[in-house]
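Summary of structural features
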Amino acid sequence: MAIVEINKEKCTKCNACVAACASSIIISQPDGYPRLFPKADEFCMRCGHCVGVCPTGAITHQEMPPEQCPTIDKKLEPSFEQVAQLIKSRRSIREFQDKPVPRDVIESVIDVARYSPTGHNGQEVQWLVIDDKEKIKELTAIGVEWFRSMAKGNDQWALEMQGILRMHEIGLNIFLRNAAAIVITYAEKNNPIAATDCAIALSYFDLAAKAAGLGCFWNGYFYFSAQTFAPMVKAVALPEGFTPYAATCVGYPKFKYQRIPPRKPGRITYRP
Ligand SMILES: Cc1cc2nc3c(=O)[nH]c(=O)nc-3n(C[C@H](O)[C@H](O)[C@H](O)COP(=O)(O)O)c2cc1C
């Protein structure tokens, strides 16, 4: 069986599959049905656009059985206003209720976030969830060590680290706050697109988490330290050759936001 099969009884020769094929392995024919490029299975990106776009269900992809390709429920599509509201009202949440986030809730959010775009449809993003209180305590202590190692000197960064340390000295944990879990996206170190893929995936997580009643704040300090600071690298313990590219702290928000603070206007340039 070819990687993509076109059922000629159902195909209307609309060529939507040709237009949608990201790998250009489906070729239009002047007067006939679209056909496959030679060695299609080698070049196919497995993005499923051909299956997704076909208006008559004429396409079968060898690796995408129909039960894995549900029909899009148009009734569930949010309006522009609803999407705008979700994006604009999402805030970095830094104070959480003292209750754990069940793993199945985090998994349901990741189950949505995994649909984020990835370079060449690589889907190389992996997820690490740290939700053990003792482990989070251990990571907090290592984080403080990292701040200490970064606090030397008088440059802007060192001054910021000194400020954070002063807060920790008076008992304010502004590193991981009182998050119930840390969610990290990671991938191979030598994958040039992975940092972008991981950041997009975590952004999707962030938005879906809000819709699921959770709150998050991105934690740059966490993933910077987990990329380079040996004790943190060891404690996070990713497989050899992998690195974290993004991280967020998660929990049930303690407070509800009532207003949307302003942001800079979009600075848009058009080239004539
Ligand atoms: C890449 C990145 C790293 C961040 N790192 C931290 C962090 O380490 N600690 C923190 O409290 N907030 C962190 N934030 C959250 C920002 O401070 C926050 O997005 C910004 O203040 C705007 O607030 P908003 O997210 O509520 O719109 C980070 C955000 C991004 C995008």
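Residues numbered from 1 in each chain as written. Predicted model: local features only at pLDDT ≥ 70, side-chain atom pairs only at ≥ 80, totals over all residues. Heavy atoms only, no water.

Overview of the domain arrangement of the chain
As a reminder, the rule being used: Each domain's limits were defined by an automated method or a database of domain assignments.
Domains assigned within the chain are domain 1 (4-68) and domain 2 (84-251). Between the C-alpha centres of domain 1 and domain 2 there is a distance of 39 Å.

Focus: the packing of aromatic side chains
Worth spelling out the cut-off: Pairing of aromatic rings covers Phe, Tyr and Trp, the last counted by its six-membered ring, and requires centre-to-centre distances within 6.5 Å; plane angles under 30 degrees mean stacked, over 60 mean edge-to-face, and any other angle means tilted. Partly exposed residues are those whose accessible area sits between 20% and 50% of the maximum for their type, while under 20% is buried and over 50% is exposed, using a 1.4 Å probe and protein chains only.
On inspection of all chains with the given rule, the structure shows 13 aromatic pairs. Aromatic side chains phenylalanine 37 and phenylalanine 43 sit 6.2 Å apart centroid to centroid with 80 degrees between the ring planes, which places their arrangement in the edge-to-face category. Phenylalanine 37 sits in the partly exposed class, given a relative accessible area of 38%. On the accessibility criterion, phenylalanine 43 (45% relative accessible area) is partly exposed. Residues tryptophan 157 and tyrosine 221 carry aromatic rings whose centres are separated by 6.2 Å and whose planes lie at 55 degrees to one another, so their mutual orientation is tilted.

Description of the nonpolar core
How we decide: We call a set of buried residues a nonpolar core when its members are Ala, Val, Leu, Ile, Met, Phe, Trp, Tyr or Cys and they connect through side-chain atoms within 4.5 Å of each other. For the purposes of this entry, the term helix denotes a DSSP run of H or I that reaches at least four residues, the term strand denotes a run of E that reaches at least two, and both are numbered from the N terminus. In this analysis, two residues are considered to be in contact whenever any of their non-hydrogen atoms come within 4.5 Å of each other.
Residues Leu139, Phe147, Leu176, Ile182, Phe222 and Met232 are the most contacted members of the largest nonpolar core, which totals 32 residues. Looking at this core, the elements that each hand over two or more residues are α6 (133-150), α7 (156-169), β6 (181-188), α9 (220-228), α10 (230-236) and β8 (242-251). If one sorts the elements of this core by residue count, α6 sits on top with six residues. Look past the residues within four positions of isoleucine 182 in its chain and what remains in contact with it is Leu128, Val129, Ile130, Ile136, Leu139, Leu176, Phe222, Thr248 and Cys249. Counting 17 residues, the second-largest nonpolar core is a separate cluster that includes Val101, Ile110, Leu202 and Tyr252.

With respect to the packing of helix α5 (residues 103-113) against helix α8 (residues 194-211)
What counts, and what does not: Here an angle of 0 to 180 degrees is reported between the N-to-C directions of two axes, which are lines fitted to C-alpha atoms, with helices fitted over the stretch in contact. Under this scheme an angle from 65 to 115 degrees is roughly perpendicular, one under 35 degrees roughly parallel, and one over 145 degrees roughly antiparallel; angles in between are oblique. Should the near helix be turned anticlockwise from the far one by less than a right angle, the crossing is left-handed, and should it be turned clockwise, the crossing is right-handed.
Orientation of α5 relative to α8, taken along the N-to-C sense of each, is 130 degrees, at an axis distance of 8 Å. Between α5 and α8, the angle falls in the class oblique. As for the relative orientation of α5 and α8, their crossing is right-handed in sense. Between α5 and α8, the contacting residues are Ile106, Val109, Ile110, Val112 and Ala113 on the first element and Ala201, Tyr204, Phe205, Ala208 and Ala209 on the second.

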